[in-house]
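# Structure at a glance
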Amino acid sequence: MQVQLERVLEQVLARNPGEREFHQAVTEVFESLGPVLERNPQYVDAAVLERLCEPERQIIFRVPWVDDAGQVRINRGFRVEFNSALGPFKGGLRFHPSVYLGIVKFLGFEQVFKNSLTGMPIGGAKGGSDFDPRGRSAGEVMRFCQSFMTELYRHIGEYTDVPAGDIGVGGREIGWLFGQYKRITNRYESGVITGKGVTWGGSLVRTEATGYGTVLFAERMLATRGLGLDGMRVVVSGSGNVAIHAIEKAQALGGHVVACSDSLGYVVDEAGIDLEVLRQVRDVERLPVEQYAARRSGAHYVPSARVWQVDAQVALPCATQNELDETDVKRLVESGLLAVAEGANMPTTPEAVALLQSAGVLYAPGKAANAGGVATSALEMQQNASRDAWSFEHTEERLAGIMARIHDSCAETAEEYGDPGNYVLGANIAGFTKVADAMLALGVV
Ligand code: NDP
């Protein structure tokens, strides 16, 4: 790593102690930026890197709520508004017990580059809480959402900061968050949050967009080697929003999806995952994925283990950060892995990424491959601003065009910087350059 970059990285690590995931995300980006700084010393002069690593604003707040037994509970809420050089802050909310400042900052930092790659006018942010929705009644989750928004509402707005969903925050929670925002402000400000239901300001395709986009990216990446998903053996981790729609699109393109998972274990169904059963178990009944195996003859469940024990030609990690490690990759490569496209954020450990790259496996980092979700959120904002509602076909066509452009911009940038096929380098440089230029244009702010 270049001296300049090393110096800034050291500062970032020292100024943000204990934030392991944030350190990992910054290090990964910095490892790509050496050649850009050589060509553009103006970025160094204007301290663009130092500014990029310091969020514009970080909000931490108490979220009190009352459970069904009448007991008062306290959680911690976060919103990290990372960078607004390209547009209003934009990024999801995560409700999961593992959430702390380091996770929110890693996600917010990644979001800055991802949003830049979409080509849409959106800055980067992320938020959430250490609230665990699992095992909570609908009433408890609603009261939590209302309390969370009672603080958050003063920080957001269609020209300021536009949250969305992430782990633990789906359409149901977005409804309760928006309902409370509307109640407090007395404004039907649709553009303040995305992922809304289609009958009250949401966009068609938004729910599907992250999973669909990830698979579209994988398909285009495979095409660079004259391959396609048709007939490929596919393994997906997770069974939430991103995973389910990745499975749907992979199947639509002829992929044979044989396994998926949740935080408790994984299921294998050699006949191919039956999406109707999976949706019933996960979306409708909100049960662990184990129930899928109980309802499908021929399928089996493996508890307390990672889905990467199942052979795959295409792996789509769609659950959480650092869920695919070196040991998993070694095994998958030996059994014929051809491509990895990340639906989740930073699911592959740095050692595993290095191994994938040295083994010549096609590898698409999340900030490029899963950008379809936020891109379609920006399309939702466009529809809200013009009080319009586009058809599914039109919106999906827009998504496909955006994913193709992101893929091509990463591939072209990697080539321009002398490392063709390195999508990590391409995504980091293409994402960074646009934000850095905007920061230069806006002065020292
Ligand atoms: P969901 O809450 O809908 O689903 C998350 C899935 O991942 C569940 O199957 C969950 O299992 C599993 N999971 C969560 N935490 C862990 C863990 N620690 N170990 C193993 N499995 C885990 O979330 P999404 O599908 O929306 O998000 C999945 C990933 O995609 C995240 O990394 C998110 O940041 C990323 N992403 C999401 C976007 C979106 O539009 N929703 C946009 C871009 C990226 P369980 O139910 O047992 O907890």
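Residues numbered from 1 in each chain as written. Predicted model: local features only at pLDDT ≥ 70, side-chain atom pairs only at ≥ 80, totals over all residues. Heavy atoms only, no water.

## Points about the overall build of the chain
Note the cut-off: Helix and strand labels come from DSSP, where a helix needs a run of H or I of at least four residues and a strand needs a run of E of at least two; each type is numbered from the N terminus. Based on C-alpha atoms, the radius of gyration is set beside the globule rule, defined as 2.2 Å times the residue count to the power 0.38. Categorising residues by exposure relies on relative accessible area from a 1.4 Å probe, with only protein chains included: less than 20% of the type maximum marks a residue as buried, more than 50% marks it as exposed, and the intermediate range marks it as partly exposed. Accessible surface area values rest on a Shrake-Rupley calculation with a 1.4 Å probe, where residue burial reflects the displayed protein chains alone. Under this rule, positive means Lys or Arg and negative means Asp or Glu; His and the chain ends count for nothing. By convention, the point assigned to a charge is CZ for Arg, NZ for Lys, CD for Glu and CG for Asp.
Along the backbone of the chain there are 17 helices and twelve strands. Relative to the 2.2 N^0.38 estimate, which gives 22 Å for 445 residues, the radius of gyration of the chain is 21 Å and therefore close to what a compact globule would have. A principal-axis box enclosing the C-alpha atoms of the chain has dimensions of 65 × 55 × 45 Å. Here the chain holds 445 residues, and the buried ones make up 56% of them. Working note: accessible area of the chain is about 17,400 Å², and carbon and sulfur atoms make up 50% of it. Treating the 42 positive side-chain charges of the chain as one cloud and the 55 negative ones as another, the clouds have centres 6 Å apart.

## Concerning a nonpolar patch on the surface
Threshold: Patch building starts from residues that exceed 30% relative accessible area and form no salt bridge, then joins like charges within 9 Å and nonpolar side chains (Val, Leu, Ile, Met, Phe, Trp, Tyr) within 5 Å. In the sections that follow, a salt bridge refers to a side-chain nitrogen of Lys or Arg positioned within 4 Å of a carboxyl oxygen of Asp or Glu.
A surface patch of nonpolar side chains, about 270 Å² in accessible area, is lined by Val66, Val72 and Ile74. Within the secondary structure layout, Val66 lies in strand E1 (residues 57–66).

## So, the site of the ligand
The criterion, for reference: We call a residue near a molecule or strand when any one of its heavy atoms sits within 4 Å of it. We define a polar contact as two N or O atoms separated by no more than 3.5 Å, with the added condition that, inside protein, one atom must be a possible hydrogen donor and the other a possible acceptor, whereas residues neighbouring each other in sequence contribute only through side-chain atom pairs. Each residue is assigned to one class: nonpolar for Ala, Val, Leu, Ile, Met, Phe, Trp, Tyr, Cys and Pro, charged for Asp, Glu, Lys and Arg, and polar for all the others, Gly among them. Reported domain spans reflect what an automatic or database domain assignment gives.
Around the ligand lies a shell of 25 residues, among which Asp166, Thr210, Ser263, Arg282 and Asn345 are the nearest. The side chain of Arg206 places a nitrogen or oxygen atom 3.0 Å from an oxygen atom of the ligand. Within the side chain of Arg282, a nitrogen or oxygen atom sits 2.7 Å from an oxygen atom of the ligand. If the ligand stood free it would expose 890 Å²; the protein chains cover 83% of that surface. Its residues assigned to classes, the shell around the ligand comprises five nonpolar, 13 polar and seven charged. Split by domain, the shell around the ligand shows at least three residues from each of two domains, domain 1 (3–188) and domain 2 (208–360).

## Topic: the nonpolar core
For clarity, the threshold we go by: By convention a nonpolar core is built from buried Ala, Val, Leu, Ile, Met, Phe, Trp, Tyr and Cys residues, the set being connected through side-chain atoms within 4.5 Å. Residue contacts are defined here by distance: any two heavy atoms, one from each residue, within 4.5 Å place the two residues in contact.
By size, the foremost hydrophobic cluster in this structure holds 59 residues, and its most contacted members are Phe217, Leu278, Leu316 and Ile406. Among the elements that make up this core, the one with the highest residue count is helix H8 (residues 206–223) (seven residues). Inspection of this core shows a minimum of three residues originating in each of domain 1 (3–188) and domain 2 (208–360). Non-local contacts of Phe217, meaning those with residues more than four positions away in its chain, are made with Ala364, Ala368, Ala369, Met403, Ile406, His407 and Tyr423. Listed in part, the 39 residues of the second largest apolar core include Val8, Val29, Ile103 and Tyr417.

## Concerning helix H13 (residues 350–358)
Note the following rule: By arc we mean the arc of the directions from the helix axis to the C-beta atoms, nothing more.
The complete set of buried residues in H13 reads Ala352, Val353 and Leu356. The arc enclosing the buried residues of H13, seen along the axis, measures out at 105°, which places them on a common side. As for H13, its buried residues are in contact with helix H12 (326–334), strand E11 (339–341), strand E12 (362–364) and helix H17 (423–442). Directly after H13, the chain includes Gly360, whose backbone phi takes a positive value near 75°.

## Regarding the pattern of salt bridges
Using the criterion set out here, one finds 29 salt bridges in the structure. In this structure, Arg172 engages Glu173 in a salt bridge whose closest nitrogen and oxygen atoms are separated by 3.0 Å. Judged by its relative accessible area of 28%, Arg172 falls in the partly exposed class. A relative accessible area of 4% means that Glu173 is categorised as buried. The partner of Arg296 in a salt bridge is Asp274, and the shortest N-O contact between them spans 3.5 Å. Linking Arg296 in the loop between helix H11 (290–295) and strand E9 (300–303) with Asp274 in the loop between strand E8 (265–268) and helix H10 (275–284), this pair joins segments that are 22 residues apart in sequence. The partly exposed category is assigned to Asp274, whose relative accessible area is 25%. Each of the salt bridges in this network shares a partner with another, and the network as a whole consists of Glu28, Glu110 and Lys367.

## Some thoughts on the domain arrangement of the chain
We count it as follows: Once two parts are put together, the accessible area they lose, assessed with a 1.4 Å probe and summed over both, is termed the buried area.
Structurally, the chain comprises domain 1 (3–188) and domain 2 (208–360). Taking only C-alpha atoms into account, the centre of domain 1 sits 26 Å from that of domain 2. In this assembly, domain 1 packs against domain 2 so that about 940 Å² is buried in total across both faces, 43% of it on carbon and sulfur atoms. Among the residues of domain 1 in contact with domain 2, Gln24, Phe106 and Arg134 are the three that bury the most area, contributing 43% of the side total.

## Points about unusual backbone geometry
A positive phi is found at Ala47, a non-glycine position, where the angle reads about 50°. Here Ala47 lies in the loop between helix H3 (41–45) and helix H4 (48–52). Positive phi, close to 55°, is recorded for Arg286, a residue that is not glycine. Relative to the assigned elements, Arg286 resides in the loop between H10 and H11.

## Examining the packing of aromatic side chains
The condition is simple: For Phe, Tyr and Trp, rings pair up if their centres lie within 6.5 Å, where Trp contributes its six-membered ring, and each pair is then called stacked (planes under 30 degrees apart), edge-to-face (over 60) or tilted (otherwise).
A full pass over the atoms with the stated rule returns 16 aromatic pairs. Summarising the aromatic geometry, the rings of Phe22 and Phe82 are spaced 6.0 Å apart at their centres and angled 50° between planes, so their arrangement reads as tilted. Placement of Phe22 in helix H2 (residues 20–39) and of Phe82 in strand E2 (residues 72–83) is noted, with a sequence separation of 60 residues between them. Each member of the pair, Phe22 as well as Phe82, is classed as buried.

## So, the environment of Arg405
Here Arg405 is to be found in helix H16 (residues 392–416). Judged by its relative accessible area of 54%, Arg405 falls in the exposed class. Separated by 164 residues in sequence, Arg405 and Asn241 place their C-alpha atoms 24 Å apart.

## Observations concerning the side chain of Glu140
With respect to the secondary-structure elements, Glu140 resides in helix H6 (residues 138–152). Under the relative-accessibility criterion, Glu140 is labelled buried at 5%. Within the local environment of Glu140, its side chain forms a polar contact with the backbone nitrogen of Ser137, the two atoms lying 3.0 Å apart. Not counting the four nearest positions on each side in its chain, Glu140 is found in contact with Trp65, Asp67 and Asp68.

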